[in-house]
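Per-entry structural report
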Amino acid sequence: MLDAHSSSNTDGKESAAMFHDAVFMEDLRMQMIKFAQLQVRDSQLAEDAVQEAIISAYQNIEKFGRQSAFKTWVFSILKNKLIDLLRKEKRYTAASELEEGANLNGDELIDVLFKKNGHWQKSERPQKWDQPEHGVENNHFWRVFDACLNALPEKYSRLFMMREFLEMETPEICHNEELTVSNLNVILYRARLRLRECLEDNWYQAEKSK
Amino acid sequence: MMNCKRATELLSEKLDRPLSTKEKVALGIHTTMCVSCRLFSQQMQGLRDLSKFYVKGNGEETNNDEKK
């Protein structure tokens, strides 16, 4: 492996300079820790993963060319670390993870959303969301998004994040978490239903009624 | 005729596995006629896009993330 200091790649050198921007790095580190802790509940493990990801990024800086996506690149390293951790973690946590939460079998939300014949309740029909650009630039939107994610039953949010944040494929999640595919499909469906509902109620419709 | 509950289940599963031709056809017929499920479909993709954005930038603009 090449030492970052001996890299002849100028892009790499410019990027390496970011490691010396203390404010930028601290900010990035905090974001990474927050992201890691959402998925790995042991905060020490999460911090270790972030540390390893940053070191790995530093050591491999010559593999990275474009400054504009530096953060994306570091996060992709972190994602791989988290996937490794979740794989290892399986050995001692999968059993406890499988405890059926109160909400796992609960059809309450589905009963609220749909009539007996399976059609939308009039008051629950999805409403048009303003274009996402309206939200993604806005820090308040992401606070609502975080709150909605945290409001999910723990198991829902964990599986949702494995699928959508870590972009793990369904078979791997099932293998890792000892779930059947249909079980996972049901959980992801319920997680998305709730998240959709929560964002609509607390952001999209809330904004409109202002 | 497929109901909305079943349609929304498939609209979620569509993000995790390829649907069968039969499922695609039935879903297509349903969403052509049902505006609520059409919106739901867009919002499922919206959740995926938001998740990608969350990972990329966590919603905060930085000096280093150019938006394309």
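The structure presented is a predicted model; accordingly, all values stated were derived computationally and were not measured.

Attention now goes to the state of the cysteines. Residues and elements named next belong to chain B. Scanning the model with the defined rule gives one disulfide over all chains in all. There is no disulfide at Cys 34, and the cysteine sulfur nearest it, in Cys 37, is 3.6 Å away. A relative accessible area of 13% places Cys 34 in the buried class.

This brings us to the packing of aromatic side chains. Considering all chains together, one arrives at 15 aromatic pairs over all chains under this definition. Between the aromatic rings of Phe 35 of chain A and Phe 75 of chain A, the centroid separation amounts to 5.6 Å while the plane-to-plane angle is 65°, which identifies the pairing as edge-to-face. Taken together, the residues span a long stretch of sequence, with Phe 35 of chain A in helix H2 (residues 22-39) and Phe 75 of chain A in helix H4 (residues 70-97) at a distance of 40 residues. Counting every residue linked through ring pairs, the aromatic cluster contains Phe 35, Phe 75, Trp 129, Phe 141, Trp 142, Phe 145, Phe 160, Phe 165, Trp 203 and Tyr 204 of chain A together with Phe 53 and Tyr 54 of chain B.

Looking now at the pattern of salt bridges. Applying the stated rule across the entire model yields 15 salt bridges over all chains. The closest approach of N and O atoms between Arg 163 of chain A and Asp 16 of chain B, which form a salt bridge, is 2.7 Å. Taken together, the positions of Arg 163 of chain A in helix H8 (residues 154-164) and Asp 16 of chain B in the loop between helix H1 (4-13) and helix H2 (21-33) put the pair across two chains. As far as the burial class goes, Arg 163 of chain A and Asp 16 of chain B line up, both buried. Here Arg 196 of chain A and Glu 197 of chain A are joined by a salt bridge, their closest N and O atoms 3.3 Å apart. Each member of the pair, Arg 196 of chain A as well as Glu 197 of chain A, carries the same accessibility label: buried. Through salt bridges with shared partners, one network takes in Arg 163, Glu 164 and Arg 192 of chain A together with Asp 16 and Arg 48 of chain B.

A few words now on H8 of chain A. Of all eleven residues in H8 of chain A, ten are buried; the element is thus mostly enclosed. Those residues of H8 of chain A that sit buried are Lys 155, Tyr 156, Ser 157, Arg 158, Leu 159, Phe 160, Met 161, Met 162, Arg 163 and Glu 164 of chain A.

Residue and element names in this part refer to chain A. Secondary-structure assignment places Ser 123 in the loop between helix H5 (108-113) and helix H6 (133-136). We classify Ser 123 as exposed; its relative accessible area is 66%. Sequence-wise, Ser 123 and Val 112 are eleven residues apart; in three dimensions their C-alpha atoms are separated by 9.7 Å.

Moving on: the interface of chain B and chain A. One widely used convention gives an interface's size as the accessible area the parts lose upon coming together. With 37 residues of chain B at the contact, the number on the chain A side is 48 residues. Buried surface at the junction of chain B and chain A, both sides included, amounts to about 3800 Å², of which 59% is carbon and sulfur. Our count for the contact surface shared by chain B and chain A stands at three salt bridges. One salt bridge connects Arg 48 of chain B with Glu 164 of chain A, and the closest N-O pair in it is separated by 2.8 Å. For the pair chain B and chain A, the interface holds 13 residue pairs in polar contact (both at pLDDT 80 or more). Within the residue set of the side of chain B that touches chain A, elements represented by two or more residues are H1 and helix H3 (35-57) of chain B.

When pLDDT is averaged across chain B, the result is 84; 82% of the residues are at 70 or more. Per-residue pLDDT stays below 50 along residues 58-68 of chain B; that stretch engages in 30 contacts with residues further than four places along the chain or on separate chains.

Quick notes on the rules
Residues numbered from 1 in each chain as written. Chains lettered and ligands numbered in written order. Predicted model: local features only at pLDDT ≥ 70, side-chain atom pairs only at ≥ 80, totals over all residues. Heavy atoms only, no water. Disulfide = S-S within 2.5 Å. Buried < 20%, exposed > 50% of the residue type's maximum accessible area, 1.4 Å probe, protein only. Phe/Tyr/Trp six-rings, centres within 6.5 Å; stacked < 30°, edge-to-face > 60°. Helix = DSSP H or I, 4+ residues; strand = E, 2+ residues; numbered from the N terminus. Salt bridge = Lys/Arg side-chain N within 4 Å of Asp/Glu carboxyl O. Contact = heavy atoms within 4.5 Å. Buried area = accessible area lost by both parts, 1.4 Å probe. Polar contact = N/O pair within 3.5 Å; in protein donor to acceptor, adjacent residues only side chain to side chain. pLDDT = per-residue confidence, 0-100.

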